[in-house]
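One letter stands for each residue in the lines below.
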Amino acid sequence: LRCLTAERCGCRLYADGTMDGAPFVREKHREFILKQDAEKGTFEYEMSEFLRISGMYWGISALEIMQNRDNDRDKELIDFVLSCQHEDGSFGGSVDHDGHLLYTLSAVQVLAILDALDRIDADRVAHYILFPLPSSCKEACQHLYRLQVSFVGVIL
């Protein structure tokens, strides 16, 4: 396997868990990812609140890829994701944040990894993705709508 930045660094990740001869230390990577959630109350943690759902997706994905995810916190993580959902089906980046397509995608991906897609109303989420703006919007809103639908088309 080539690393994602292979064009720049040329490194390789080998099946035996080494990267260009150096060992890939899964536990250090796991510690770093889990530390991001453990530092609640720090300035950095509070200032990155708007990234919470996206960060959860990246962290959980990385742990899943490394086959190093602890399922003990799944209920807590699922409850947090669900607490970020709005009536219109969208998800915000954190609790009490406005809904957005990016955070909605991240939330759905987190729930898929945690095998909890049955906990959301898929029709409501789909409606938000397909019809995110109120019908009273003007030309600028319609332009944003077309951009968002194009983005969703690429995702699907």
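Residues numbered from 1 in each chain as written. Predicted model: local features only at pLDDT ≥ 70, side-chain atom pairs only at ≥ 80, totals over all residues. Heavy atoms only, no water.

(A) Region of interest: the pattern of salt bridges. Counted according to the given criterion, the structure contains nine salt bridges. The residue Glu39 makes a salt bridge to Lys35 at a minimum N-O spacing of 3.9 Å. Residue classification places Glu39 among the partly exposed positions, given a relative accessible area of 34%. A network of salt bridges, in which partner residues are shared, links Asp37, Lys40, Arg73 and Glu76. (Salt bridge = Lys/Arg side-chain N within 4 Å of Asp/Glu carboxyl O. Buried < 20%, exposed > 50% of the residue type's maximum accessible area, 1.4 Å probe, protein only.)

(B) Highlighting unusual backbone geometry. Although it is not a glycine, Gln67 adopts a positive phi angle of roughly 55°. Structurally, the position occupied by Gln67 is in the loop between α4 (52–65) and α5 (74–83). Despite not being glycine, Asp96 has its phi angle at roughly 65°, a positive value. Its location among the elements puts Asp96 in the loop between β3 (91–92) and β4 (99–100). Overall, the relative accessible area of 75% leaves Asp96 in the exposed class. (Helix = DSSP H or I, 4+ residues; strand = E, 2+ residues; numbered from the N terminus.)

(C) View of the side chain of Gln85. Along the chain, Gln85 falls in the loop between α5 and β3. Polar side-chain contacts of Gln85 include one of 3.3 Å to the backbone oxygen of Gly89. Filtering out sequence-adjacent residues up to four positions away, Gln85 remains in contact with Ser90, Phe91, Ile120, Arg124 and Val125. (Polar contact = N/O pair within 3.5 Å; in protein donor to acceptor, adjacent residues only side chain to side chain. Contact = heavy atoms within 4.5 Å.)

(D) Local environment of the packing of aromatic side chains. All told, the structure shown has one aromatic pair when counted by the stated rule. When the ring of Tyr57 is compared with that of Trp58, the centres are 5.1 Å apart and the planes differ by 65°; the resulting orientation is edge-to-face. The buried category is assigned to Tyr57, whose relative accessible area is 17%. Seen from the ring of Tyr45, Arg52 lies directly overhead, with NZ or CZ sitting 3.9 Å from the centre. (Phe/Tyr/Trp six-rings, centres within 6.5 Å; stacked < 30°, edge-to-face > 60°. Lys NZ or Arg CZ within 6 Å of the ring centre and 35° of its normal.)

(E) Looking closely at the packing of helix α6 (residues 101–113) against helix α7 (residues 122–130). Packing of α6 against α7 leaves a shortest axis separation of 11 Å and a crossing angle of 150°. Between α6 and α7, the crossing angle belongs to the class labelled roughly antiparallel. In the packing of α6 onto α7, the handedness of the crossing is left-handed. Contact residues: α6 offers Leu101, Thr104 and Val108, while α7 offers Val125, Tyr128 and Ile129. (Axes fitted to C-alpha atoms, helices over the stretch in contact; angles between N-to-C directions. Parallel < 35°, antiparallel > 145°, perpendicular 65-115°, else oblique. Left-handed = near helix turned anticlockwise from the far one by under 90°.)

(F) Geometry of the environment of Ile60. Within the element layout of this structure, Ile60 appears in helix α4. With 26 residues separating them along the chain, Ile60 and Leu34 place their C-alpha atoms 9.4 Å apart.

(G) Focus on the environment of Gly59. Mapping Gly59 onto the fold places it in helix α4. A relative accessible area of 14% means that Gly59 is categorised as buried. When the C-alpha atoms of Gly59 and Arg69 are compared, they prove to be 9.4 Å apart, with 10 residues separating the residues in sequence.

Limitation: the analysis is restricted to geometry and does not speak to function.
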